[in-house]
Amino acid sequence: MAKARATTTRRTLESYTVKSINKTIRAGDCVLMRPSDSSKPSYVARVEKIESDSRGGNVRVQVRWYYRPEESIGGRRQFHGSKELFLSDHYDFQSADTIEGKCTVHSFKSYTKLDAVGNDDFFCRFEYNSSTGAFNPDRVAVYCKCEMPYNPDDLMVQCEGCTDWFHPTCIEMTPEEAQRLDHFFCQSCSSEEQKKLQNSHATSRHSDTKVDTKRRRR
């Protein structure tokens, strides 16, 4: 009679210290994981659960992978930041010993407010469906004349009139010139201000003439 195979019971751990890096990880932490190809950058994942066998050994982590833009179906695009990641629907179990370090994946808003970006700082503004290539949200705010989403790596200047943001190259300006600006009005707002000034002069010359100076709606 064939012997029944013994089933391995596993238990969930609240935390685990990775000896090679002397770091304690918990569910919810974001971690860097060793890639199979040493020439590639570390994988980034969020720890969902930590498990061990009944003897407390063979520790593994359930992770939810972050994808880099170049790993997505659509590939990297102009507005993707160098530290941008997508939170995917791809879950996996990995040995806890493949963890190389801890990192921080910020929200897009908090990332843009950082005074300095470290090697272990990343940001995420999209969730990604690894089978269909779909993103959630499927659209974000766009800026500038080029109507592109904001890339936090790019320098942009804000119009004091309409408060929209512009890339220096899109307004025929070098980054050095943009950094020296004390005030900036885009072409549309400059035209509006010029019209107001002209109408103001006309009103002062002809006080009995009413002039309509409605701002063009955007």
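Here, the structure is the one placed above.
Model, not experiment: these values are computed from the prediction.

Focus on the overall build of the protein chain
Looking only at helices and strands, the protein chain has 3 helices and 12 strands in total. A total of 218 residues make up the protein chain; the buried ones form 33% of that total. Summed over its atoms, the accessible surface of the protein chain is roughly 14,600 Å², and 46% of this surface lies on carbon and sulfur atoms.

Thoughts on the nonpolar core
If you look at the biggest cluster of nonpolar residues, it comprises 21 residues, and the most contacted ones within it are Tyr 16, Ile 25, Val 31, Met 33, Ile 50, Val 61 and Ile 99. Ignoring any residue separated from it by four or fewer positions in sequence, one finds Ile 50 in contact with Arg 11, Thr 12, Leu 13, Glu 14, Ser 15, Tyr 16, Ile 25, Arg 26, Ala 27, Val 59, Arg 60 and Val 61. Counting 11 residues, the second-largest nonpolar core is a separate cluster that includes Met 156, Ile 171, Ala 178 and Phe 184.

Here's the deal with the pattern of salt bridges
Under the definition given, this model contains 9 salt bridges. The closest approach of N and O atoms between Lys 49 and Glu 51, which form a salt bridge, is 3.3 Å. The exposure class of Lys 49 is partly exposed, given its relative accessible area of 29%. A salt bridge links Arg 64 to Glu 127; the shortest N-O distance between them is 3.7 Å. Separated by 63 residues along the polypeptide, Arg 64 in strand E6 (residues 60-67) and Glu 127 in strand E9 (residues 121-128) bring together distant segments of the chain. A relative accessible area of 12% means that Arg 64 is categorised as buried. Overall, Glu 127 belongs to the partly exposed group, its relative accessible area being 37%. Through salt bridges with shared partners, a single network forms among Arg 10, Lys 49, Glu 51 and Arg 60.

Description of empty space enclosed by the protein
What the rule picks out here adds up to 1 cavity of 30 Å³ or more. Counted as a void, the largest cavity has a volume near 30 Å³.

Here we look at the environment of Asn 119
With respect to the helices and strands, Asn 119 occurs in the loop between helix H1 (108-112) and E9. Spatially, the C-alpha atoms of Asn 119 and Thr 104 are 9.7 Å apart, while their sequence positions differ by 15 residues.

Examining the environment of Met 173
By secondary structure assignment, the location of Met 173 is in the loop between strand E12 (165-166) and helix H2 (175-179). Apart from residues lying up to four places away in sequence, Met 173 is in contact with Pro 168, Ala 178 and Leu 181.

Section: the layout of surface pockets
Roughly 250 Å³ of volume is contained in the largest pocket. As for the largest pocket, its lining consists of 16 residues, and the residues nearest its centre are Arg 77, Phe 79, Phe 126, Phe 135 and Asp 138. Taken together, the residues that form the lining of the largest pocket break down as 8 nonpolar, 4 polar and 4 charged.

Some details on the pairing of strand E3 (residues 23-26)
Alignment of strand E2 (residues 15-18) against E3, held across 4 bridges, turns out to be antiparallel. Note on E3: the bridge partner recorded for Ser 15 is Arg 26. Here E2 folds back onto E3, and the loop between the two strands holds 4 residues, one of which, Asn 22, carries a positive phi near 55°.

Digging into the environment of Arg 76
Mapped onto the elements, Arg 76 comes out in the loop between E6 and strand E7 (84-95). Not counting residues within four places of it along the chain, the set of residues in contact with Arg 76 comprises Pro 69, Glu 70, Gly 81 and Ser 82. There is a polar contact of 2.9 Å between the side chain of Arg 76 and the side chain of Glu 70. Engagement of the side chain of Arg 76 in a polar contact is seen with the backbone oxygen of His 80, the distance being 3.4 Å.

Some thoughts on unusual backbone geometry
With omega at 0°, the peptide bond leading from Asn 136 into Pro 137 counts as cis. As for its placement among the helices and strands, Pro 137 is situated in the loop between strand E10 (135-136) and strand E11 (157-158). Phi is positive for Thr 163, close to 65°, though the residue is something other than glycine. Looking at the element boundaries, Thr 163 is found in the loop between E11 and E12.

Rules used throughout
Residues numbered from 1 in each chain as written. Predicted model: local features only at pLDDT ≥ 70, side-chain atom pairs only at ≥ 80, totals over all residues. Heavy atoms only, no water. Helix = DSSP H or I, 4+ residues; strand = E, 2+ residues; numbered from the N terminus. Buried < 20%, exposed > 50% of the residue type's maximum accessible area, 1.4 Å probe, protein only. Areas by Shrake-Rupley, 256 points an atom, 1.4 Å probe, with all protein chains shown as cover. Core = buried A, V, L, I, M, F, W, Y, C linked by side-chain atoms within 4.5 Å. Contact = heavy atoms within 4.5 Å. Salt bridge = Lys/Arg side-chain N within 4 Å of Asp/Glu carboxyl O. 1 Å grid on protein atoms, 1.4 Å probe; cavity = no way out; pocket = protein on both sides within 12 Å on 5 of 7 lines; lining within 4 Å. Points joined across faces, edges and corners; volume = space filled by probe spheres on them. Nonpolar A, V, L, I, M, F, W, Y, C, P; charged D, E, K, R; others polar. Pairing = 2+ DSSP bridges. Polar contact = N/O pair within 3.5 Å; in protein donor to acceptor, adjacent residues only side chain to side chain.

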